[in-house]
Amino acid sequence: MRRLAQGECDDGKPTKFTPPPKPVIIDKTQSEASLRKFLSPEFIPPRQRINPLKFSIERKDMIQRRKVLNIPEFYVGSVLAVTMADPHASGKTNRFMGICIQRGGHGLGATFVLRNIIDGQGVEICYEMYSPRLQQLEVLKLEKRLDNNLMYLRDALPEYSTVNLDMKPVPHSVTGDVPVNKTRVRMRPKPWSKRWERPKYNVQGIRFDLCLSPEKLEHAQTWAEPWREYDMLKEYDTTALEERILKEVQTEMSK
Amino acid sequence: MRLNIQMLISHGRVARKMGLGPESRINMLRNILTGLVRHERIETTRGRADEVRFYAEKLIDYAKKGDTDEKAMKMANFWLTEKDLIPKLFKVLAPRFETQPKAYTRMARIPNRENLDKAAMAVLEYKGNPFPPLQTAKRDNELTLINQLLKGYREERAQQAAAKVEA
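Going by the annotation in an unreviewed UniProt entry, the name recorded for chain B is Large ribosomal subunit protein bL17m, with Hucho hucho given as the source organism. The record in UniProt for chain B states the following under Sequence similarities (unreviewed entry): "Belongs to the bacterial ribosomal protein bL17 family."

Under an unreviewed UniProt entry, the name given to chain A is Large ribosomal subunit protein bL19m, and the organism recorded is Hucho hucho. Quoted verbatim from the Sequence similarities (unreviewed entry) field of the UniProt record, the comment on chain A reads "Belongs to the bacterial ribosomal protein bL19 family." According to the UniProt record, the Subcellular location (unreviewed entry) comment for chain A reads "Mitochondrion".

Here is the structure:
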């Protein structure tokens, strides 16, 4: 009895080649776009005496760039990894990861600052979101913090700003609320770069009871301006504007 | 320092400097606003009347939300130093301006004060007050040909905008 060679069935005729089943990759981290209703803050125009046509043209350009480069949803306090084109680096790209401490700018000039501590040296890099040099933005950990601006991490103990360079992406849910990290940070001894205890910075995420005496905290409250919340001139209500812009951006992105 | 044109341009600042500082400015505006709500027609300097006008109209916008609204009550409590005027604001002034969307106040200029400072004065009033009418600056005669044509053009544009919104 002759052994069957590969590619022959019982009849002696060559079998039809059946390709092996494709491996199904379930990328749990960030393949799907977020289903939350999130409008990136740089889309909201500031309060200015500029013709709104400028903002609508800028929005078109921003949407065009977003169709090429996926800019994910992230907040101040999330951990991001950014690959940027660099002509002087071997491999022509460099990768940096860190905690986002600030999101600034409006329109195409929107920026975000990532902070990390590398070899004991604190490093902050300010990236422009719509710069053509950016090649990939990954959100390694999506979370919010108690403040909108984490610049006080410069004066906090280094353990709060270090991000492990081989960190793996943490899976986050696509729907539902973004987790809020309620850590309150311990500070180095004074002097600090800014007087964070003053009410104008409105910092919730520092443990003042460990570094300042109650008299000093009371003295800092003398700079509180209690009339500010009642001053109608300073109010800028963006809810209607935000809804309109969110609808416009969603329709344009799905095209 | 360099005396340049930039010093004359406000660069987006809309609040006048009044009194001894921001707190003093707000307190002064509070007093004038309380007087306006009590008497419905007051006489002050032109700058102060112009500043109070914005706050008076915003206060009416808040009052229109009703006195059950927390924020509206907090605002009224802050801005009216005489607390017997809070019910007057919510029960008399807010219903009076229910139909109007925007302009609740009227400002008219007055001859300068007789004191040594000869300050430019103005009268600020809420519309619909019981006093005899003020003489404000006269608008152009609406019955001239050009004004009639412009009125027709404006109405046509409004009609087209309404039709666009419906469609």
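(A) Representation of the overall build of chain B within the structure. Broken down by element type, chain B carries five helices and three strands. Ordering the α and β elements of chain B from the N terminus gives α-β-α-α-α-β-β-α. Its C-alpha atoms give chain B principal-axis dimensions of roughly 50 × 50 × 40 Å. The 167 residues of chain B split such that 31% are buried. The contacts in chain B between residues at least 6 apart in sequence include a share of 61% that link residues at least 24 apart. Of the roughly 11,900 Å² that chain B leaves accessible, carbon and sulfur atoms contribute 54%. Taking the average location of the 32 positive side-chain charges in chain B and that of its 21 negative ones, the two points are 5 Å from each other.

(B) Looking closely at the interface of chain B and chain A. Contact residues are listed per partner, giving 16 residues for chain B and seven residues for chain A. Here chain B and chain A share an interface that buries about 1,100 Å² over both sides, 75% of which is from carbon and sulfur atoms. By the criterion of area lost to chain A, the three top residues of chain B are Tyr55, Met75 and Phe78 of chain B, representing 32% of everything that side buries. Inspection of the region where chain B meets chain A yields one salt bridge.

(C) Structural view of the nonpolar core. In terms of nonpolar packing, the biggest core is built from 51 residues, with Phe112 and Tyr152 of chain A touching the most fellow members. At the level of secondary structure, the elements contributing two or more residues to this core comprise α1 (52-68), β1 (79-85), β2 (93-104), β3 (111-118), β5 (134-141) and α4 (239-254) of chain A. Apart from the residues lying within four places of it in its own chain, the contact partners of phenylalanine 112 of chain A are Phe74, Leu80, Val82, Cys100, Gln102, Arg103, Ile125, Cys126, Tyr127, Met129 and Leu137 of chain A. Judged by nonpolar contacts, the second largest core, of 37 residues, contains Trp227 of chain A together with Ala49, Ile60 and Tyr126 of chain B.

(D) Representation of the side chain of aspartate 231 of chain A. The residue aspartate 231 of chain A is located in the loop between α3 (214-220) and α4 in this model. Side-chain polar atoms of aspartate 231 of chain A contact the side chain of tyrosine 55 of chain B, separated by 2.6 Å. In this structure aspartate 231 of chain A touches Arg25, Ile26 and Tyr55 of chain B, once residues within four positions along its chain are discounted.

(E) Region of the structure containing the sheet that holds strand β2 (residues 105-110) of chain B. Residue and element names in this part refer to chain B. Strand order in the open sheet formed by three strands is β1-β3-β2, with antiparallel pairing between adjacent strands. The strands lining the two open edges of the sheet, one partner per strand, are β1 (41-45) and β2. Within this sheet the neighbouring strands show an average axis-to-axis angle of 25°, counted without direction.

(F) Examining unusual backbone geometry more closely. A cis amide bond links lysine 190 of chain A to the next residue, proline 191 of chain A, at an omega of 5°. Residue position: proline 191 of chain A is located in the loop between β7 (180-181) and α2 (208-211). A positive phi is found at asparagine 202 of chain A, a non-glycine position, where the angle reads about 50°. Following the sequence through the fold, asparagine 202 of chain A ends up in the loop between β7 and α2. One non-glycine residue, glutamate 40 of chain B, adopts positive backbone phi at about 65°. Tracing the backbone shows glutamate 40 of chain B in the loop between α1 (22-39) and β1. Look at glutamate 40 of chain B and you get buried, because its relative accessible area is 7%.

(G) Looking closely at the sheet that holds β5 of chain A. Residues and elements named next belong to chain A. If you walk across this open sheet you meet the five strands as β4-β3-β2-β1-β5, and the pairing is antiparallel. Two strands lie at the open edges of the sheet, namely β4 (121-128) and β5, each paired on one side alone. Put simply, the sheet's adjacent strands are angled 35° from each other on average, direction ignored. Two strands pair when backbone bridges link them, and β1 and β2 are joined in this way by seven bridges, in the antiparallel orientation. Opposite methionine 84, over in β2, you have asparagine 94 as the bridge partner.

(H) Fine view of the domain arrangement of chain B. The domain boundaries assigned to chain B delineate domain 1 (19-130) and domain 2 (138-166). Averaged C-alpha coordinates put domain 1 of chain B and domain 2 of chain B at centres separated by 32 Å.

Quick notes on the rules
- Residues numbered from 1 in each chain as written.
- Chains lettered and ligands numbered in written order.
- Predicted model: local features only at pLDDT ≥ 70, side-chain atom pairs only at ≥ 80, totals over all residues.
- Heavy atoms only, no water.
- UniProt positions renumbered as here; feature names shortened; annotations may be inferred.
- Helix = DSSP H or I, 4+ residues; strand = E, 2+ residues; numbered from the N terminus.
- Buried < 20%, exposed > 50% of the residue type's maximum accessible area, 1.4 Å probe, protein only.
- Contact = heavy atoms within 4.5 Å.
- Areas by Shrake-Rupley, 256 points an atom, 1.4 Å probe, with all protein chains shown as cover.
- Lys, Arg positive; Asp, Glu negative; His and termini not counted.
- Charge placed at Lys NZ, Arg CZ, Asp CG, Glu CD.
- Buried area = accessible area lost by both parts, 1.4 Å probe.
- Salt bridge = Lys/Arg side-chain N within 4 Å of Asp/Glu carboxyl O.
- Core = buried A, V, L, I, M, F, W, Y, C linked by side-chain atoms within 4.5 Å.
- Polar contact = N/O pair within 3.5 Å; in protein donor to acceptor, adjacent residues only side chain to side chain.
- Pairing = 2+ DSSP bridges.
- Axes fitted to C-alpha atoms, helices over the stretch in contact; angles between N-to-C directions.
- Domains from an automatic or database assignment.

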